[in-house]
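Summary of the model geometry
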Amino acid sequence: MTFVSDATSLILLAKVGLLELFANRNSVVVPQHVFDEVVKGKDKGRVDAFSVEKLRDEKKFSITFPKEETKAKIQKLFNIKGGELDVLAISLETKATVLTDDKKCFNAAKALKLDFITTLDAVVALYKKGALSKEKALKCMELLEEYGWYGRNLIKGYKEALK
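A quick note: this is a predicted structure, and the numbers were derived from the prediction, not measured. (Residues numbered from 1 in each chain as written. Predicted model: local features only at pLDDT ≥ 70, side-chain atom pairs only at ≥ 80, totals over all residues. Heavy atoms only, no water.)

Turning next to the overall build of the chain. Of regular secondary structure, the chain possesses ten helices and five strands. For the chain, the C-alpha radius of gyration of 15 Å lies close to 15 Å, the compact-globule estimate for 163 residues. Overall size of the chain, expressed as C-alpha extent along the three principal axes, is 45 × 35 × 25 Å. The 163 residues of the chain split such that 47% are buried. (Helix = DSSP H or I, 4+ residues; strand = E, 2+ residues; numbered from the N terminus. Rg over C-alpha atoms; globule rule 2.2 N^0.38 Å. Buried < 20%, exposed > 50% of the residue type's maximum accessible area, 1.4 Å probe, protein only.)

For strand β1 (residues 2–5) and strand β2 (residues 27–31), the ladder comprises three bridges, and the chain directions are parallel. Its bridge partner lying in β2, V4 is registered against V29. (Pairing = 2+ DSSP bridges.)

Here we take up the pattern of salt bridges. Counted under the stated rule, the structure contains six salt bridges. When the shortest N-O distance is used, the salt bridge between D57 and R56 registers 2.7 Å. Taking the relative accessible area as the measure of exposure, R56 reaches 27% and is therefore partly exposed. Residue E145 pairs with R152 through a salt bridge whose shortest N-O separation is 2.8 Å. One connected set of salt bridges, linked through shared partners, spans E68, K71 and D86. (Salt bridge = Lys/Arg side-chain N within 4 Å of Asp/Glu carboxyl O.)

A few words on the environment of A7. Note that A7 resides in helix α1 (residues 7–15). For the pair formed by A7 and V38, sequence separation is 31 residues and the distance between their alpha carbons is 5.9 Å. In this view, A7 contacts V34, E37 and V38; residues no more than four positions away in its chain are not counted. (Contact = heavy atoms within 4.5 Å.)

A few words now on the nonpolar core. Residues L18, F22, L88, V123 and M141 are the most contacted members of the largest nonpolar core, which totals 54 residues. It is helix α6 (residues 82–94) that provides the largest number of residues to this core, a total of six residues. Leave out the neighbours within four places in its chain, and V123 touches L18, L132, A137, C140, M141 and L144. (Core = buried A, V, L, I, M, F, W, Y, C linked by side-chain atoms within 4.5 Å.)

By the definition in use, this model includes two aromatic pairs. Taken together, a centroid distance of 5.0 Å and an interplanar angle of 50 degrees make the contact between F3 and F22 tilted. Remark: F22 occurs in helix α2 (residues 19–25) and F3 occurs in strand β1; sequence separation between them is 19 residues. Both residues of the pair, F3 and F22, count as buried. Centroid distance F106 to F116: 5.2 Å. Interplanar angle 5 degrees. Geometry classified as stacked. Placement of F106 in helix α7 (residues 103–111) and of F116 in strand β5 (residues 116–117) is noted, with a sequence separation of ten residues between them. We classify F106 as buried; its relative accessible area is 17%. (Phe/Tyr/Trp six-rings, centres within 6.5 Å; stacked < 30°, edge-to-face > 60°.)

Right, dumping it as structure tokens:
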């Protein structure tokens, strides 16, 4: 399956140690704007930024640019900017699934009739496909609760999906 990822999802998957596994099992497309945003974290010593750069260097995902006319159309409709705008534009152009944890971005994806998942969905999918043990998936959920801005009830619902 092909996913177009925003910065937050790349960072969160890297922080919980699943980015490489996810990229090995899927085709991951990253807009150049998103990549640049993530690797700025190297200046602050952020391990996730180094992980993302390493995986790019190993060609575990591709870097691309959306068409300007597609971006303009989406920006006019939803007033979305930056990496999320590029993610939506590339997804609209390619029909790839959006990988985002940004509410405005996934609401726009819904309106554009684009498939989307969150980082939590990615963890559950990896578990259901046998790529993660239940223990590892639960540990990732706990880390995502710490690193992300997910509410306890949302995390609880996703943990129940692991049963």
